[in-house]
Amino acid sequence: MEAVAVKLHTRIIDSQKEKNIRASLKAEVERKVNREDIVILDSLNYIKGYRYELFCLIKHSQTPHCLVYCLTSDEVSSTWNTNRDAAEQYTQDIFDALVLRFEAPDSRNRWDSPLFTILKDDTLPYDAISDALFKRKAPPPNQSTQSQPLSSANFLYELDKITQDVLMAIFNAQKTSVPGDLIPVPGATEKIELTRSINMAELRKLRRQFISYAKMHPTENTGQISNMFVQYLNKSLH
């Protein structure tokens, strides 16, 4: 058994770079996670939707996980930041933005559980963490995370058509919508939560990512594709 650390070394400067870093980290975790090795993702992981995406990887690999939350006050964190070498510091604007956007883990969420909250002077609960990783059953895979062989070309056709219809519905709805509106899309019971204007280039990129994911994790119920895509977009756009 080997402990593999995936660590964030790059400072977050802008939103696009931040998204790219998160995508790279997630891809690295996906490559390394398995039932034999311990993978430690040492990063901010401050977005709830991102932690959920990581949880889905865990479910697919059918291996236990846990979350270690280093709880520190904003003031102490700011002091630590200013004491770092200048090249390693966050600017005050970036630091304030991170604090504002931080979504604290909640043990009531299955993707944040088991949760170990550690204060600055605490000793790590090694035994409890070990038990969580080695004595607890892995979360069972469900339909959205369990890989299934592609049964027919019909799935790929429906996947392409449905996601394109959703994109056009969102693009057209934005002409008469404002941030905060809920946009209905064809074939879905859930709605797009419009928090900002989204251009077609970004929508196409998200569609490509979803199609790649859906091909690896196909569903036999093509009627669920619209809802799955809406859920994916809502998580990715927040």
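Calculation rules
- Residues numbered from 1 in each chain as written.
- Predicted model: local features only at pLDDT ≥ 70, side-chain atom pairs only at ≥ 80, totals over all residues.
- Heavy atoms only, no water.
- Helix = DSSP H or I, 4+ residues; strand = E, 2+ residues; numbered from the N terminus.
- Buried < 20%, exposed > 50% of the residue type's maximum accessible area, 1.4 Å probe, protein only.
- Contact = heavy atoms within 4.5 Å.
- Areas by Shrake-Rupley, 256 points an atom, 1.4 Å probe, with all protein chains shown as cover.
- Core = buried A, V, L, I, M, F, W, Y, C linked by side-chain atoms within 4.5 Å.
- Polar contact = N/O pair within 3.5 Å; in protein donor to acceptor, adjacent residues only side chain to side chain.
- Axes fitted to C-alpha atoms, helices over the stretch in contact; angles between N-to-C directions.
- Parallel < 35°, antiparallel > 145°, perpendicular 65-115°, else oblique.
- Left-handed = near helix turned anticlockwise from the far one by under 90°.
- Nonpolar A, V, L, I, M, F, W, Y, C, P; charged D, E, K, R; others polar.

Visitor: Hey, could you run me through the overall build of the protein in this one?
Guide: Scanning the protein from terminus to terminus reveals eight helices and six strands. In the protein, the succession of α and β elements from N to C terminus is β-α-β-α-β-α-α-β-α-α-β-β-α-α. A buried classification covers 36% of the 238 residues belonging to the protein. Nonlocal contacts in the protein, meaning residues at least 24 apart in sequence, comprise 71% of its contacts between residues at least 6 apart. Entry remark: accessible area of the protein is about 14,300 Å², with carbon and sulfur atoms responsible for 52%.

Visitor: What's the story with the nonpolar core in this structure? I'm lost.
Guide: Inside soluble globular proteins, nonpolar side chains tend to come together where they are buried. Counting residues in each nonpolar core, the largest one holds 27 residues, and the members touching the most others are Leu-159, Val-166, Ile-170, Val-185, Ile-192, Phe-210 and Leu-233. Elements that contribute at least two residues to this core include exactly helix H6 (153-173), helix H7 (200-216) and helix H8 (225-236). Here this core takes eight residues from H6, the largest share from any one element.

Visitor: It is not clear to me how the side chain of Glu-18 should be interpreted in this structure. Could you clarify?
Guide: Residue placement: Glu-18 occurs in helix H1 (residues 15-32). Classification of Glu-18 as buried rests on a relative accessible area of 2%. Reaching out from Glu-18, the side chain makes a polar contact with the side chain of Arg-22 at a distance of 2.9 Å.

Visitor: Just checking my understanding: could you explain the packing of helix H3 (residues 74-82) against helix H4 (residues 92-101) for this structure?
Guide: Two packed helices can be described by the angle between their axes and the distance between those axes. Two numbers describe how H3 lies on H4: the axes approach to 12 Å, and their chain directions differ by 150°. It follows that H3 is roughly antiparallel to H4 by the angle criterion. In this structure, the crossing between H3 and H4 has a hand that is right-handed. Within the contact between the two elements, H3 uses Asp-74, Ser-77, Ser-78 and Asn-81 and H4 uses Gln-92, Phe-95 and Val-99.

Visitor: What is the right way to look at the packing of H7 against H8 in this model?
Guide: Orientation of H7 relative to H8, taken along the N-to-C sense of each, is 125°, at an axis distance of 11 Å. It follows from the interaxial angle that H7 and H8 lie oblique. Seen along the crossing, H7 lies across H8 with a hand that is right-handed. Of H8, the residues touching H7 (which contributes Leu-206, Arg-207, Gln-209 and Phe-210) are Ile-225, Met-228, Phe-229, Tyr-232, Leu-233 and Ser-236. Here the contact of H7 with H8 is composed, by residue class, of seven nonpolar, two polar and one charged.

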